[in-house]
Amino acid sequence: LRSVTPAVASPVEISRPEKLLYVNIDTIDANYKAFAELSKDAGDSYARLQKQYQKKAADLQVRYDRYQEQLNTGAITPSTAVLEENAINNGMADLKSMEAELDALQAEAMEKNAVITRDVTAFFEKYAGSRKVDFVFAYGGASNVLYANSELDVTNEVLDQLNAEYEKKGKK
């Protein structure tokens, strides 16, 4: 056996101290107008359709249970049973259609979210470049940053600029 020495990358020399800043990501999520509009538009449509779906599914279950009981007790004629089966099958088809609509709404929201994320990333690349910043960290409830000096917080400045750019895009 031959001993292998792992390759170690030599450290990159930086001629200036690194510059770090952070934004409170919870504040950005809550106050960036693009996120707010996406949440409102997608959330309202999805919630409304989800509620309709749940009601239709519950009503259909009640109808099916009643149909099964009538079949078991012989309280339904064969011709009425066929009509009821068709109605139940049509209801199931409606539910499948609603599921497809819900999936489409989710896909649309994910697509819009991806665009917003690309816009925010592009913004930070510009922002960091113009200020000679090496890192912009996300600080908030779900971040891995345990402490951040508030003097490095640029959340409000970033949020103002993000919203201004978003408004400008909307007016074009």
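For the structure, check the block above.
Let me sum up the structure you'll find in this document. (Residues numbered from 1 in each chain as written. Predicted model: local features only at pLDDT ≥ 70, side-chain atom pairs only at ≥ 80, totals over all residues. Heavy atoms only, no water.)

Regarding the packing of helix α2 (residues 33-73) against helix α3 (residues 78-130)
In a pair of packed helices, the angle between the axes and the distance between the axes together describe the arrangement. Two numbers describe how α2 lies on α3: the axes approach to 10 Å, and their chain directions differ by 165 degrees. The angle between the axes of α2 and α3 places the two elements in the roughly antiparallel class. Read as a crossing pair, α2 and α3 show a hand that is left-handed. Its residues assigned to classes, the contact of α2 with α3 comprises 22 nonpolar, 6 polar and 8 charged. (Axes fitted to C-alpha atoms, helices over the stretch in contact; angles between N-to-C directions. Helix = DSSP H or I, 4+ residues; strand = E, 2+ residues; numbered from the N terminus. Parallel < 35°, antiparallel > 145°, perpendicular 65-115°, else oblique. Left-handed = near helix turned anticlockwise from the far one by under 90°. Nonpolar A, V, L, I, M, F, W, Y, C, P; charged D, E, K, R; others polar.)

Things to note about a nonpolar patch on the surface
Residues L20, F135, F137 and L152 make up a contiguous nonpolar surface patch of about 330 Å² in total accessible area. Within the element layout of this structure, L152 appears in the loop between β2 (135-139) and α4 (155-171). (Patch = residues over 30% accessible without salt bridge, like charges linked within 9 Å, V, L, I, M, F, W, Y side chains within 5 Å. Areas by Shrake-Rupley, 256 points an atom, 1.4 Å probe, with all protein chains shown as cover. Salt bridge = Lys/Arg side-chain N within 4 Å of Asp/Glu carboxyl O.)

Side note on the side chain of E84
Tracing the backbone shows E84 in helix α3. You can call E84 buried: its relative accessible area is 14%. Within the structure, the side chain of E84 is placed 2.4 Å from the side chain of R63, a separation counted as a polar contact. Discounting chain neighbours no more than four positions away, the residues touching E84 are R63, Y67 and I76. (Buried < 20%, exposed > 50% of the residue type's maximum accessible area, 1.4 Å probe, protein only. Polar contact = N/O pair within 3.5 Å; in protein donor to acceptor, adjacent residues only side chain to side chain. Contact = heavy atoms within 4.5 Å.)

A short note on the nonpolar core
Of all hydrophobic cores here, the largest spans 19 residues; its most connected members are I28, Y32, I116, V158 and L162. The set of elements that each furnish at least two residues to this core consists of β1 (20-24), α2, α3 and α4. A total of 7 residues in this core trace back to one element, the largest contributor, which is α3. What I28 contacts, discounting residues up to four positions off in sequence, is V23, F35, T155, V158, L159 and L162. (Core = buried A, V, L, I, M, F, W, Y, C linked by side-chain atoms within 4.5 Å.)

Some details on the pattern of salt bridges
Evaluation of the coordinates by the stated rule reveals 9 salt bridges. Taking the shortest distance from any N to any O, the salt bridge between K126 and E165 comes out at 3.3 Å. Taken together, the residues span a long stretch of sequence, with K126 in helix α3 and E165 in helix α4 at a distance of 39 residues. The salt bridge involving E157 is made with R131; its shortest N-O contact spans 2.9 Å. Here E157, found in helix α4, pairs with R131, found in the loop between α3 and β2; they are 26 residues apart in sequence, far enough to count as distant. Take E157: its relative accessible area is 32%, and that puts it in the partly exposed class.

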